[in-house]
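# What the coordinates show
One-letter residues, chain by chain:
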Amino acid sequence: MSQLPISFEDIAAAHGRISAVAQRTPVLTSRMANVLTGAQVFFKCENFQRSGSFKFRGAYNALLQFNAEQRQRGVVTFSSGNHAQGIALSASLLNMPAVVVMPSDAPAVKISATRAYGAEVILYDRYKEDRAAIGRQLSEERGLTFIPPFDHPHIMAGQGTLAKELIEEVGSLDVLLVPLGGGGLLSGCVTAAKAMQPNCRVYGVEPQAGNDGQQSLRSGEIVHISTPDTIADGAQSQYLGVQPFAVIKDKVDDILAVEDAQLIEAMKFYANRMKLVVEPTGCLSAAALFGGQLNLQGKKVGVVISGGNVDLARFASLISM
Ligand SMILES: *Cc1c(COP(=O)(O)O)cnc(C)c1O
């Protein structure tokens, strides 16, 4: 069997690298969540991470490993938002130029936050243009180092640090629920969780409209789909990354899919019961927690809240649906 792109040692090294600067985010509990599920639930709150999502972990871990020349020339990436903000903030902390290629219909709060961190933003039409090609061209023209949002071992290892922190804090978990887009977060978290606790069952959760991850796991090959129509804008990826998929295929127990209506219910739960502002994509794990697909009775369950970056007007309209 060929070797996987990341190991637990890579995650531990990433954790050492980023921990002076990344937040060790709080783990919250909710009596009501326990009552509703019959489980003991621990919420890992990456909505409180720097830049508003876990993406800071992978981005900062990646940029810290640039050599002197790469640092001087800078970084380029493409993203629907949160990776952009993670890269932009990391670059600014390291005094490095950053160029971010973003879809023109990305939430305004994400575009303006990326610019506010000092990055140059280049907009493109996500239904007509190929963001990867635009990113690659910029990297060739300006000598920038391209750091993709999920298909990179330094990104995957960085994202895995949050599962390591969670398990260090709460001890053994029976189940871990992780939002799934391109697979950087899930591949990192499953690597950490299974190394620390081989019996922990790890599930990816993605929007039903974009269940390419589920299809890929079932078929054993990466399935490509067209841009899914879902409110989970951080999980609109059309396919899993090659390196994340190698890990997911090897280690993940299953991938669950949830409807947008369940994301809205979870968003209301977070706001109403836990006083948390969570973006739609950040609600994927809770949608599965409350969705009834898993028997969680008596189990210790980790729920990853992956981010909190949502326009207030959009948040208000979603929670009043
Ligand atoms: C990027 C993102 C995800 C999905 O992460 P992947 O590494 O692409 O699978 C989930 N939630 C939020 C808030 C994100 O920004």
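Residues numbered from 1 in each chain as written. Predicted model: local features only at pLDDT ≥ 70, side-chain atom pairs only at ≥ 80, totals over all residues. Heavy atoms only, no water.

### Some words on the sheet that holds strand β3 (residues 75-78)
Taken in spatial order, the four strands line up as β5-β4-β3-β6 in an open sheet, and their pairing is parallel. The sheet terminates laterally at β5 (120-124) and β6 (145-146), the two strands that pair on one side only. Looking at chain direction, β3 and strand β4 (residues 98-103) are connected through four bridges and run parallel. Its bridge partner being in β4, V76 is matched across the sheet by V99. (Pairing = 2+ DSSP bridges. Helix = DSSP H or I, 4+ residues; strand = E, 2+ residues; numbered from the N terminus.)

### A look at the packing of helix α3 (residues 55-63) against helix α8 (residues 153-170)
Orientation of α3 relative to α8, taken along the N-to-C sense of each, is 130°, at an axis distance of 7 Å. Relative to α8, the element α3 is oriented oblique. In the packing of α3 onto α8, the handedness of the crossing is right-handed. Between α3 and α8, the contacting residues are K55, R57, G58, A59, N61 and A62 on the first element and H154, I155, A157, G158, Q159, T161, L162 and E165 on the second. Classifying every residue of the contact of α3 with α8 gives five nonpolar, six polar and three charged. (Axes fitted to C-alpha atoms, helices over the stretch in contact; angles between N-to-C directions. Parallel < 35°, antiparallel > 145°, perpendicular 65-115°, else oblique. Left-handed = near helix turned anticlockwise from the far one by under 90°. Contact = heavy atoms within 4.5 Å. Nonpolar A, V, L, I, M, F, W, Y, C, P; charged D, E, K, R; others polar.)

### Observations regarding the site of the ligand
In the vicinity of the ligand, 16 residues are found, and the nearest of them are K55, N82, G181, G183 and S306. In this structure, an oxygen atom belonging to the ligand sits 2.8 Å away from a main-chain N or O atom of G182. Between the ligand and L185 there is a distance of 2.9 Å, counted from an oxygen atom to a backbone nitrogen or oxygen. In isolation the ligand offers 380 Å² of accessible surface; the protein chains occlude 96% of this area. Taken together, the residues of the shell around the ligand sort by class into five nonpolar, nine polar and two charged. (Near = heavy atom within 4 Å. Polar contact = N/O pair within 3.5 Å; in protein donor to acceptor, adjacent residues only side chain to side chain. Areas by Shrake-Rupley, 256 points an atom, 1.4 Å probe, with all protein chains shown as cover.)

What is shown is where atoms sit, not what they do.
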